[in-house]
Amino acid sequence: MKYKHDFANHLYKELEGKLDKKEIINLIEKPKHAQMGDMAFPCFELAKLLRKSPQLIASDIACDIESSLFEKIEAVGGYVNVFLNKQKVSSEIIKEIIKKQHHYGDLNLGNNGVVTIDFSSPNIAKPFSMGHLRSTVIGNALAHITEKCGYRVVRINHLGDWGTQFGKLITAYKKWGNEEEVKQNPIKTLLAYYVKFHDEAEKDSELENEGRYWFKKLEDGDQEAVKLWKWFRDESLKEFSRIYTLLNISFDSYHGEAFYNDKMDRIVQILEGKNLLVESDSAQVVPLENEDLPPCLIKKSDGATLYATRDLAAALYRQETYHFTKSLYVVGNEQSLHFKQVFTVLEKMGYKWASGMTHIAFGMMLKEGKKMSTRKGKVVLLEEVLEEAISLACQTIEEKNPSLQNKNEVAAQVGVGAVMFHDLKNYRMNDIEFSLEDMLKFDGETGPYVQYTHARACSLLRKGEFKLSNHDFVIDDDQSWPVVTMLREFPDVIERAVEKYDPSQIAKYVVDLSQAFNKYYGNVRILEEDGQKEARLAVVYTVMVVLKEGLRLLGISAPEEM
Ligand code: ARG
């Protein structure tokens, strides 16, 4: 927190080395109520050390500190409460934001180190599920947030483009497939073949063998199998990229599971060389009982490799290619055992960098309290959801602002932003209830509410003809203080968000800043020509900058009019 250090310095001097500066900083709190000041220092720990009552210590300290930074210092119930000098602090913060613009809140925690983020990673020939949407939205936000904190980010889409299911799919296609049908509607059609395969396999067990046979052929590079697989992959990617375009998300790498096919022998060799591999039921596994985990399956009895084998190869490849300091995997909660196993095997292999790997888990998307599943025909097609959100946003805009110029563009920004915000405002581990209606409300804790507040600020700046060149203002109204207090907190919020890999910190923050700003807007006449107009507009301007930057970190656009 800005000014925390100033307060800590004063306390340090007063306490004559009884506590070191870091301890003091850790003790300083934000009071629960604004009437109790802007920062508070509790004296209870000192009481034991000094054998004096906390009340007495607090009032001694409060009497002695003198600084133009503080308007008032009080000792209340064992706390030293300080009130910042509003005029001075407001002017400083506002000027800092005007100077730094969207770089306000940039932190250098990463020292330019590389973070790889594995996110989205949908499965070929399957619909883009709600789980993949969550991974996409959370991963994208974390990419922006870590970048803001001084890391170099590599965005990786680890496509699920390999595995026994492709043997089944090829079998199904050869039996019942139709080229035209696939071309017209690739994912829906391929999914239908896959579902049919499972239905038929229940009656005819020979089908499973055929599926295994074709996967083996695929692994051995059989021309026909590879050609079909490539085609399924290309068609699926076309559909996925439409979604990424809508969401305004891009990747640095699309190396999926198949990319690691020729890199797994090496993994098996290293594991053998380190005596980590054991035969169990004619499969090759790494036993992990000492770590209280089930064994990690590396190779099946027929020689086929597995999901985990590919993840081991991918981890090694990423370290050798990008030299990451951190490597994040944004994948649903249900895969937490898989990642524990993979990370543990890497540690057993002796790779120190494995300590930089983290599974960023998240909960489920529910509809009426139940998991939204792609199986049993209950397919919720993401593209349809996004399109519906956009058309609902369009309706609202039509009602509220029918003369808006670029209506369709804004409707897309609002509709898509609403879906993303609804996800990101919840702590990622929580399950979330899917409700288009809730997402698209223009009031309450929604994306459109924050976007609308930003647009309101833009409109005030236009009407007031605000000029950035004018730096000659003094912020001198009590009404703006809650807004300035929020603006002051932005860098801390970013730090918390990156430490906990938690974009909801930022989502909640932009809602709170919007609320503080809308209250300010309701209480003062911003455009009144009373000599304070420029100062008020400067507050409006900085709110606009910070809301826009906050939304950008979440991956959401901020239209200037809506
Ligand atoms: N394709 C997988 C799935 O849909 C997710 C992949 C996550 N990334 C990874 N490196 N395992 O379940």
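Reading the values: the criteria
- Every chain is numbered independently, its residues counted from 1 as its sequence is written.
- The predicted nature of this model means local features are confined to residues of pLDDT at least 70 and side-chain atom pairs, given and counted, to a pLDDT of 80 or more, with totals for whole chains, interfaces and linings taken over all residues.
- Hydrogens and water molecules were not included; the side-chain quantities draw on all heavy atoms of the structure.
- Two strands qualify as a pair provided that DSSP identifies no fewer than 2 bridges between them.
- The helix and strand labels rest on DSSP assignments: H or I over at least four residues marks a helix, E over at least two residues marks a strand, and numbering proceeds from the N terminus.
- Helix axes are fitted only over the stretch in contact, all axes being lines through C-alpha atoms; the angle between N-to-C directions runs from 0 to 180 degrees.
- Only protein chains enter the calculation, and the probe is 1.4 Å; a residue is then buried if its accessible area is under 20% of its type maximum, exposed if over 50%, and partly exposed in between.
- A cavity here means a set of 1 Å grid points, computed over protein atoms only, where a 1.4 Å probe fits but cannot escape. A pocket is an open set with protein on both sides within 12 Å along at least 5 of 7 lines, and lining residues have an atom within 4 Å of a point.
- Grid points are joined across faces, edges and corners, and a volume is the space filled by probe spheres set on the points.
- All residues other than Ala, Val, Leu, Ile, Met, Phe, Trp, Tyr, Cys, Pro, Asp, Glu, Lys and Arg, Gly among them, are scored as polar; the first ten of these are nonpolar and the last four charged.
- Within this document, salt bridges are pairs made up of a side-chain nitrogen of Lys or Arg and a carboxyl oxygen of Asp or Glu, the two lying within 4 Å of each other.
- UniProt positions are given in the numbering used here, feature names are shortened, and annotations may be inferred rather than shown by experiment.
- Along the arc lie the directions from the helix axis toward the C-beta atoms.
- Throughout, a contact is declared for two residues whenever any of their heavy atoms are within 4.5 Å.
- What is meant by a nonpolar core is a set of buried Ala, Val, Leu, Ile, Met, Phe, Trp, Tyr and Cys residues, joined one to another through side-chain atoms within 4.5 Å.
- Stacked, edge-to-face and tilted are the three classes for Phe, Tyr and Trp ring pairs, Trp counted by its six-membered ring, which pair at centre distances within 6.5 Å; planes under 30 degrees apart are stacked, over 60 edge-to-face, the rest tilted.
- The criterion is that NZ of a Lys, or CZ of an Arg, lies within 6 Å of the ring centre and within 35 degrees of the ring normal, and then a charge sits over that ring.
- For this purpose, a residue is taken to be near a molecule or strand whenever a single non-hydrogen atom of the residue falls within 4 Å of it.
- As used in this structure description, the phrase polar contact means that two N or O atoms lie within 3.5 Å; if the pair is within protein, one of them must be able to donate a hydrogen and the other to accept it, and residues adjacent in sequence are counted only when both atoms belong to side chains.
- Under the convention used here, a 1.4 Å probe and the Shrake-Rupley method define accessible areas, while residue burial counts only the protein chains that appear.

A. View of the sheet that holds strand S9 (residues 326–330). Judged by pairing direction, the sheet is parallel, and its four strands sit side by side in the order S5-S4-S9-S10 without closing on themselves. The open sheet has two edge strands, strand S5 (152–156) and strand S10 (357–360), and neither has a second partner. Ignoring strand direction, the axes of neighbouring strands in this sheet form an average angle of 20°. In terms of strand pairing, strand S4 (residues 114–118) meets S5 through five bridges, oriented parallel. When the bridges of S5 are listed, Val 114 appears paired with Arg 152.

B. Quick look at the pairing of strand S1 (residues 39–42). Residue alternation in S1 divides its side chains into two sets, Met 39 and Phe 41 and Ala 40 and Pro 42, and both sets are buried. With four bridges joining them, S1 and strand S3 (residues 79–84) adopt antiparallel strand pairing. Bridging from a neighbouring strand, Pro 42 pairs with Tyr 79 of S3.

C. The environment of Lys 238, seen in detail. One can find Lys 238 in helix H11 (residues 223–247). Given a relative accessible area of 52%, Lys 238 falls into the exposed group. Remark: the alpha-carbon pair of Lys 238 and Asp 476, spanning 238 residues in sequence, is separated by 56 Å.

D. The layout of surface pockets, seen in detail. By volume, the second largest pocket is sized at about 570 Å³. Lining the second largest pocket are 25 residues, with Ala 34, Trp 481, Pro 482, Val 483 and Thr 485 positioned closest to its centre. Breaking the lining of the second largest pocket down by element, the ones donating at least two residues are helix H19 (481–499) and helix H20 (504–523). Broken down by element, the residue count for the lining of the second largest pocket peaks at seven residues, all from H19. Of the residues that constitute the lining of the second largest pocket, the class distribution is nine nonpolar, seven polar and nine charged.

E. Structural detail: the pattern of salt bridges. Inspection of every chain in the model, using the stated rule, returns 30 salt bridges. As a salt-bridge pair, Lys 263 and Asp 262 come within 2.9 Å of each other at their nearest N and O atoms. Judged by relative accessible area, which is 62%, Asp 262 ranks as exposed. The salt bridge partner of Arg 536 is Asp 530, with a shortest N-O separation of 3.0 Å. Using a relative accessible area of 7% as the deciding quantity, one classes Arg 536 as buried. It is possible to trace a salt-bridge network through shared partners that takes in Asp 106, Lys 148, Glu 549 and Arg 552.

F. View of the UniProt feature "short sequence motif: 'HIGH' region" (unreviewed entry) in the protein chain. Under the local residue numbering, the UniProt record ascribes the feature "short sequence motif: 'HIGH' region" (unreviewed entry) to residues 122–132. Along residues 122–132 one finds 27% helix and 0% strand; the C-alpha atoms at either end are 6 Å apart.

G. Here's a closer look at helix H4 (residues 54–64). Among the residues making up H4, those that are buried are Pro 54, Ile 57, Ala 58, Ile 61 and Ala 62. Each buried residue of H4 lies within a common arc of 130° when the element is viewed along its axis, so the set occupies one face. The inward-facing, buried residues of H4 abut helix H1 (4–15), S1, helix H3 (44–50), strand S2 (70–76) and S3.

H. A look at the UniProt feature "domain: Arginyl tRNA synthetase N-terminal" (unreviewed entry) in the protein chain. The positions that UniProt labels "domain: Arginyl tRNA synthetase N-terminal" (unreviewed entry) are, in the present scheme, residues 5–84. With 45% helix and 21% strand, the stretch residues 5–84 has end C-alpha atoms that lie 13 Å from each other.

I. Molecular detail of the nonpolar core. The biggest cluster of nonpolar side chains holds 159 residues, and the ones touching the most others in it are Phe 7 and Phe 41. Ranked by the residues each element gives to this core, the list is headed by helix H21 (residues 533–554), at 14 residues. When near neighbours in sequence (up to four residues on either side) are disregarded, Phe 41 contacts Phe 7, Leu 11, Leu 15, Leu 19, Ile 24, Leu 27, Ile 28, Leu 46, Ile 61, Gly 78, Tyr 79 and Val 80. Of all hydrophobic cores here, the second largest spans 35 residues; its members include Ile 270, Ala 308, Phe 343 and Ala 354.

J. Main features of the packing of aromatic side chains. Summed over the entire model, instances satisfying the criterion amount to 26 aromatic pairs. Here the aromatic rings of Phe 128 and Tyr 244 are separated by 5.8 Å at their centres, their planes lie at 75°, and the arrangement is edge-to-face. In this pair, Phe 128 sits in the loop between S4 and helix H6 (130–148) while Tyr 244 sits in helix H11, placing the two residues 116 residues apart along the sequence. Residue Phe 128 is classed as buried on the basis of its relative accessible area, which comes to 4%. A relative accessible area of 2% means that Tyr 244 is categorised as buried. With a centroid separation of 5.9 Å and an interplanar angle of 45°, the aromatic rings of Phe 339 and Phe 343 are classed as tilted. In this pair, Phe 339 and Phe 343 both sit in helix H14 (residues 336–348), four residues apart, roughly one turn of the helix. Here the aromatic cluster, defined as three or more aromatic residues joined through ring pairs, consists of Phe 119, Phe 128, Phe 240, Tyr 244, Phe 251 and Tyr 254. The side chain of Lys 72 reaches across the aromatic face of Phe 83, ending 4.4 Å from its centre. It is Lys 217 that lies over the ring of Trp 214; its NZ or CZ is 5.2 Å from the centre.

K. Local environment of the site of the ligand. Neighbouring the ligand are the residues Asp 118, Ser 121, Asn 123, His 132, His 158, Tyr 307, Asp 311, Tyr 329, Val 331, Gln 335 and Phe 339. Side-chain polar atom of Asp 118 to a nitrogen atom of the ligand: 2.8 Å apart, as the coordinates give it. For the ligand, a nitrogen atom lies 2.7 Å from a polar atom in the side chain of Asn 123. Protein contact buries 90% of the 350 Å² of open area that the ligand shows by itself. Tallied by class, residues from the shell around the ligand come to four nonpolar, five polar and two charged.

L. Here's a closer look at the sheet that holds strand S12 (residues 370–371). Here three strands make up an open sheet; going across it, the order is S12-S11-S13 and the pairing mixed. Two strands bound the open sheet, and with one partner strand each, they are S12 and strand S13 (432–433). Pairing between strand S11 (residues 365–367) and S13: two bridges, direction parallel. Paired with Leu 366 across the two strands is Glu 433, which belongs to S13.

M. Looking closely at empty space enclosed by the protein. Using the criterion set out here, one finds three cavities of 30 Å³ or more in the structure. Its volume calculated, the largest cavity comes out at about 70 Å³. Surrounding the largest cavity, Asn 123, Ile 124, Ala 125, Lys 126, Gln 165, Phe 166, Leu 169 and Tyr 194 form its lining. Looking at which element gives the most residues to the lining of the largest cavity, the answer is helix H7 (residues 164–176), with three residues.

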